[in-house]
Each structure stands twice: as C-alpha cells, then as structure tokens.
Amino acid sequence: MNDATDGERAALRKVRRWLWIFVVCLVLSGLTAFPLESETRWLAELAAGPGAPVTDRFPALLEWIERVRDGLAETNARYPFLAYGTDWLAFAHLVIAAAFWGPLRDPVRNVWVIRWAVLACAGIIPLALICGPLRGIPLYWRFVDMSFGIVGVVPLLLVLRALRPLVERAEATGHPRPA
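Sequence positions are assigned chain by chain, starting from 1 and proceeding in written order. The model is predicted, so local features are restricted to residues of pLDDT at least 70 and side-chain atom pairs to those at 80 or more, both for listing and for counting; the totals for chains, interfaces and linings are taken over all residues. Each side-chain value is worked out from all heavy atoms of the structure, with water and hydrogens disregarded.

### Quick notes on the overall build of the protein chain
So, point 1. Only DSSP runs of H or I reaching four residues or more are called helices, and only runs of E reaching two or more are called strands; each is numbered from the N terminus. In terms of helices and strands, the protein chain carries eight helices and zero strands.
So, point 2. Along the protein chain, from the amino end to the carboxyl end, the secondary structure elements read α-α-α-α-α-α-α-α.
So, point 3. We take the radius of gyration over the C-alpha atoms and set the globule estimate at 2.2 Å times the residue count to the 0.38 power. Relative to a compact globule of 179 residues, whose C-alpha radius of gyration would be 16 Å, the protein chain shows 21 Å and is clearly more extended.
So, point 4. The principal-axis extent of the C-alpha atoms belonging to the protein chain is close to 60 × 35 × 25 Å.
So, point 5. The rule is simple: take the accessible area with a 1.4 Å probe, protein chains only, and divide by the maximum for that residue type; under 20% is buried, over 50% is exposed, in between is partly exposed. Across the 179 residues of the protein chain, 30% fall into the buried class.
So, point 6. Any pair of residues with heavy atoms lying within 4.5 Å of one another is described as a contacting pair. Sequence-distant contacts, at least 24 apart, represent 71% of the contacts inside the protein chain between residues at least 6 apart.
So, point 7. Using a 1.4 Å probe, accessible areas were evaluated by the Shrake-Rupley method; residue-level cover was limited to the displayed protein chains. Accessible area of the protein chain: about 11,500 Å², with a carbon and sulfur share of 67%.

Laid out in structure tokens, this is it:
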C-alpha cells in the first residue's frame, strides 16, 4: 500500500469517528425531546435540591427552570396535543441523524450533507436571536440554545477539513473514489 492510500484510510476513519459522534448526539437530542415534562421536573428537583449551586448562585436560572416545568405541566394537562410539536421536533432530529447514513458510508460523495449540516448549525444562532425574544426566552437561555449550533459545528468542521484533500482529488479525477 502506498502512503496516499494509508493517508486516505486514516482520514476516512477520523471522518467516520467524528460523524458517529455527531449522529449519536443528534439521536440523544431527539430522544430527549419526547419526555420534556419529566425531564424539566427532574431538572427543577436537581437544581433546587439540597446543596444545589443553582439555588444560591443563579436564582434567575432556577426561576426559569421552574417556570418551564410549570408551563409544560400545565400545558400538557390542559392541551396535551401541543406536545405533538415537540414530538415532531424529536422526530426531525432522528431523521436528520438518519440522513448521515450516506456520509458515514461514503463521505466524499455525500460531503454536501455535511456542508448542509454546517449551515443548519449556523442557522441556530439567528433563530435563537430572533425567535427567542418573541417567545419570552431569557437571553442566557438563548445562549444555551446557540451553544448547540456552536458545539455541533465543531465535529462537522473537523470532518470537512479531513475530507478536503479527498474531495479535491475526487473532483480532479472526475469521480469520487469509493470509500
């Protein structure tokens, strides 16, 4: 085997490893969107429990967590059909994760999916900045939301950097090499 082939294989292993990390995080994010009422109840209990640093150091955060918990509980009790929206949010995360099957199999031919995902991560920031104030979301929580896009884009950018020479070679030869 020549060095280029070994280098390509090493790059593809690195790419797939980062893609798997991204996919697993998407799936976990999606799955956690189903039981929101239970999760916010647990979070409020943890944040307000004995010795919890949130109670003393971040009272506004604790107030927000409790408000979200109460809002979800009241809404689910009176209007459970509204939770269907977060069910669709969860489903969307799972579908997006499934879209990465192509890049996992052949990242060079499916580099467009990775580029699209970078744009989607970037889109989280204006969404949080525009819709957050319209929905009464505190600024600090919008930063939490924006962090998902910032953290999510890191593995994707690492993937694109590792793929760059492989994509350029495929484009120069007129056809992607099978992975």
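### Some details on the packing of helix α7 (residues 111-134) against helix α8 (residues 139-173)
So, point 1. To obtain an axis, a line is fitted to C-alpha atoms, over the contacting stretch when the element is a helix, and the angle between two such axes runs from 0 to 180 degrees between their N-to-C directions. Packing of α7 against α8 brings their axes to within 9 Å, and their N-to-C directions diverge by 160 degrees. As far as their axial angle goes, α8 and α7 are roughly antiparallel. Crossing hand, α7 versus α8: left-handed. For classification, angles of less than 35 degrees are called roughly parallel, those exceeding 145 degrees roughly antiparallel, those between 65 and 115 degrees roughly perpendicular, and all remaining angles oblique. If you view the pair so one helix is near and one far, a crossing is left-handed when the near helix is turned anticlockwise from the far one by less than a right angle, and right-handed when it is turned clockwise.

### Comments concerning the nonpolar core
So, point 1. Within this scheme, the nonpolar core is defined by two criteria: the residues are buried Ala, Val, Leu, Ile, Met, Phe, Trp, Tyr or Cys, and they are joined through side-chain atoms within 4.5 Å. In this structure, Leu19, Phe100, Ile114, Leu156 and Leu163 are the most contacted members of the largest nonpolar core, which totals 26 residues.
So, point 2. Elements with a minimum of two residues in this core: α1 (3-31), α7 and α8.
So, point 3. Per-element accounting of this core gives the leading share, nine residues, to α8.
So, point 4. Apart from residues no more than four positions distant in its own chain, Leu156 is found in contact with Phe22, Phe100, Ile114, Ala117, Val118 and Cys121.
So, point 5. Counting five residues, the second largest nonpolar core, distinct from the first, contains Ala47, Val54, Leu62 and Ile65.

### Regarding the side chain of His93
So, point 1. By secondary structure assignment, the location of His93 is in helix α5 (residues 83-99).
So, point 2. The exposure class assigned to His93 is buried, which follows from its relative accessible area of 19%.
So, point 3. In this view, His93 contacts Leu26, Ser29 and Gly30; residues no more than four positions away in its chain are not counted.

### Section: α8
So, point 1. Under the convention used throughout, the expected extent of a helix is 1.5 Å for every residue step, that is, one less than its residue count. For α8, which comprises 35 residues, the first-to-last C-alpha distance of 49 Å matches the rise-based estimate of 51 Å (1.5 Å per residue) to within 8%.
So, point 2. The sharpest bend along α8 reaches about 45 degrees and sits at Leu163, with the proline Pro165 one to four residues further on.
So, point 3. Positioned one or two residues after α8, Gly174 has a phi angle of 90 degrees, which is positive. A residue's bend is simply the angle between two axes: one fitted to the seven residues ending at it, one to the seven starting at it.

### Digging into a nonpolar patch on the surface
So, point 1. Every patch collects residues that have over 30% relative accessible area and no salt bridge, joining them within 9 Å if they carry like charges and within 5 Å if they are nonpolar side chains (Val, Leu, Ile, Met, Phe, Trp, Tyr). A pair is scored as a salt bridge if a Lys or Arg side-chain nitrogen falls within 4 Å of a carboxyl oxygen belonging to Asp or Glu. Judged by side-chain polarity, Trp20, Val24, Leu28 and Trp101 come together as a nonpolar surface patch covering roughly 440 Å² of accessible area.
So, point 2. The dominant element in the nonpolar patch, judged by the number of residues it contributes, is α1, at three residues.
So, point 3. Summarising the element assignment, Leu28 is placed in helix α1.

### Here's the deal with the packing of aromatic side chains
Given two aromatic rings, their pairing is described by the distance between the two centres and the angle made by the two planes.
So, point 1. Each Phe, Tyr or Trp ring, with Trp reduced to its six-membered ring, pairs with another whose centre is within 6.5 Å; inter-plane angles below 30 degrees give stacked pairs, above 60 give edge-to-face pairs, and intermediate values give tilted ones. Counted by the stated rule, this structure contains four aromatic pairs.
So, point 2. Summarising the aromatic geometry, the rings of Tyr79 and Phe81 are spaced 6.1 Å apart at their centres and angled 75 degrees between planes, so their arrangement reads as edge-to-face.
So, point 3. The partly exposed category is assigned to Tyr79, whose relative accessible area is 36%.
So, point 4. A relative accessible area of 58% places Phe81 in the exposed class.

### A few points about the environment of Ala60
So, point 1. As for its placement among the helices and strands, Ala60 is situated in helix α4 (residues 59-78).
So, point 2. A relative accessible area of 45% means that Ala60 is categorised as partly exposed.
So, point 3. Along the primary structure Ala60 and Arg169 are separated by 109 residues, whereas in three dimensions their C-alpha atoms are 53 Å apart.

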